2 protein chains.
Amino acid sequence: MVSSKRTAPDAMSDIDLIVERLEMRGHRVTESRRRVLAGVLAQPAHFTIDDVVHAARQVGRATVFRTVKLLLDLNILCRILLDDGTLHYRLSTRGHHHHLVCRDCGRVEDFTRCDVPALVRQLARATDYEIEGHWLEVYGRCRACARRDGRARSGRAKNAARRSIGATAGAQRRRRTQAR
Amino acid sequence: MVSSKRTAPDAMSDIDLIVERLEMRGHRVTESRRRVLAGVLAQPAHFTIDDVVHAARQVGRATVFRTVKLLLDLNILCRILLDDGTLHYRLSTRGHHHHLVCRDCGRVEDFTRCDVPALVRQLARATDYEIEGHWLEVYGRCRACARRDGRARSGRAKNAARRSIGATAGAQRRRRTQAR
DNA sequence: CACTAGAATGAGACATGGTCTCATCGAAGC
DNA sequence: GCTTCGATGAGACCATGTCTCATTCTAGTG
Ligand SMILES: [Zn+2]
Ligand SMILES: [Zn+2]
Ligand SMILES: [Zn+2]
Ligand SMILES: [Zn+2]
């Protein structure tokens, strides 16, 4: 009973495109799912599930988790492993791709070149494994952050103090949460 | 006050080798740390922090976490991201390496060939990032598991039903936990 | 249109992994 | 032996995610 009902069939919004993919796969199109979708589409470049929980306020937490998982299955979202160990999500346009993540500001670039297949062939031969997939994330600092840090040691020190995955997950989570 | 005190200086155990590295870096060598170390060394190929918490029974949980983190810093342990999203740990012998993980039985092989640097150079040029590190895990099925599954569809179906990272983390965690 | 099966939901308990605080302890240097 | 400051442990706390189960609602059927 919210305003965001289906729009005219010839001017399809992003939501409707996704809804169509749901239908095609035999999933039901519910108001909650629409709301989660709207919440996802309203996010910036990447976001946590909690962000969506807050954005889709009338939807239960469990349902947000379920819906996000569904969107992952449909390749509508992809996961980003930040170097602090937290998982973020982002709309996935391309097919196979990986992420280049700035450790300071969190900016994320997709990239599609992947050198892993060659490695995989050799591994398969050497180890006798059937290789089925891989996970690759690259971490660095974007130009803006690198430049800013030339003299100002402000944000950098805090953010990059502990670089190992999961190290300061707690602290960073908290900071990010309070920030909104 | 436990039996595992320092042994003769000319027959150094694994523990003492690590203890030396702690001392070199100015960390104190406490009984708790020795116990965690012993717990770690007693594990199979890879393990969770919880495994160590149980193995080093007289040591507080927080201290186990702190000590494992310390061992990561010292490159004595490395992290393995299982394809169900759980983190495991293993003794790290080599330097830069990655893991090939069997999705069915959890067997892990280290491999040192890494094709990422070439990719990184190209990325650095294309995106203007200063690239500082990467995370790569490869998933597949070891020969034993592949063969066993030829006809017996037992374990495989359960384990590989959901392949996305984190999907069945709960269920698998539980299974593994009960198993001991 | 009314009816229905079964998919989806929501509330909240539960599980897990990890961090933090703070009073106390003890390893190491003198 | 004393002192100092790093390390510890108990336990609260937090974030992320899953499960249960009674209830609701979509979508397909007649
Ligand atoms: Zn940046
Ligand atoms: Zn790839
Ligand atoms: Zn296997
Ligand atoms: Zn590498």
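Criteria and cut-off values
Residues numbered from 1 in each chain as written. Chains lettered and ligands numbered in written order. Predicted model: local features only at pLDDT ≥ 70, side-chain atom pairs only at ≥ 80, totals over all residues. Heavy atoms only, no water. Donors = N, O, S within 2.8 Å, 3.2 Å for Na, K, Ca; no water. Tetrahedral: all angles 85-135°; square planar, octahedral: opposite > 155°, others 65-115°. Helix = DSSP H or I, 4+ residues; strand = E, 2+ residues; numbered from the N terminus. Buried < 20%, exposed > 50% of the residue type's maximum accessible area, 1.4 Å probe, protein only. Pairing = 2+ DSSP bridges. Axes fitted to C-alpha atoms, helices over the stretch in contact; angles between N-to-C directions. Parallel < 35°, antiparallel > 145°, perpendicular 65-115°, else oblique. Left-handed = near helix turned anticlockwise from the far one by under 90°. Contact = heavy atoms within 4.5 Å. Least-squares fit on C-alpha atoms with pLDDT ≥ 70 in both.

Caption draft 1: Looking closely at the coordination of the zinc ion (ligand 2). All names here are of chain A. At 2.0 to 2.3 Å from the zinc ion (ligand 2) lie its protein donor atoms, namely His96 (NE2), His98 (NE2), Cys114 (SG) and His134 (NE2). Viewed at the metal, the four donor atoms of the zinc ion (ligand 2) are separated by angles of 101 to 117°, and the geometry they form is tetrahedral. The sequence pattern describing where the donors of the zinc ion (ligand 2) fall on their chain is H-x1-H-x15-C-x19-H. Of this pair, His96 sits in the loop between β2 (87–91) and β3 (98–102) while His134 sits in strand β5 (residues 130–141); the two residues are 38 residues apart in sequence, bridging distant segments of the chain.

Caption draft 2: View of the coordination of the zinc ion (ligand 3). Residue and element names in this part refer to chain B. At this site the zinc ion (ligand 3) is bound by Cys102 (SG), Cys105 (SG), Cys142 (SG) and Cys145 (SG), with donor distances of 2.2 to 2.3 Å. Angles of 102 to 115° at the metal separate the four donor atoms of the zinc ion (ligand 3), which places the site in the tetrahedral class. Counting along the primary sequence, the residues that act as donors to the zinc ion (ligand 3) give the motif C-x2-C-x36-C-x2-C. Of this pair, Cys105 sits in the loop between β3 (98–102) and β4 (108–111) while Cys142 sits in the loop between β5 (130–141) and α6 (143–148), and the two are 37 residues apart along the sequence. Judged by relative accessible area, which is 41%, Cys105 ranks as partly exposed. Note on Cys142: relative accessible area 3%, which makes it buried.

Caption draft 3: Examining the sheet that holds β5(B) more closely. The strand order across the open sheet formed by six strands is β4(A)-β3(A)-β5(A)-β5(B)-β3(B)-β4(B), and the pairing between neighbours is mixed. Each edge of the sheet is formed by a strand with only one pairing partner; in this case those strands are β4 (108–111) of chain A together with β4 of chain B. Ignoring strand direction, the axes of neighbouring strands in this sheet form an average angle of 20°. Sheet topology places β3(B) next to β4(B); four bridges connect them, and they run antiparallel.

Caption draft 4: Quick look at the packing of helix α1 (residues 14–24) of chain B against helix α2 (residues 31–41) of chain B. All names here are of chain B. Closest axis-to-axis distance for the α1/α2 pair is 10 Å, and the angle between their directions is 130°. The orientation of α1 relative to α2 falls into the category oblique. In this structure, α1 crosses over α2, and the sense of that crossing is right-handed. Between α1 and α2, the residues in contact are Asp14, Ile15, Asp16, Ile18, Val19 and Leu22 and Arg33, Arg34, Leu37, Ala38 and Leu41, respectively.

Caption draft 5: View of the relation of the copies chain B and chain A. Screw-axis analysis of chain B against chain A gives a translation of 0.0 Å along the axis, an RMSD of 0.1 Å, and a rotation angle of 180°. Taken together, these values place the two copies in the relation of a two-fold axis. Considering only C-alpha atoms, the residue of chain B closest to the rotation axis is B:Leu136, which sits at 2.2 Å. When the interface residues of chain B are mapped onto chain A, 100% of them again lie at the interface, so the same face is used by both copies.

Worth remembering: the numbers are spatial, not functional.
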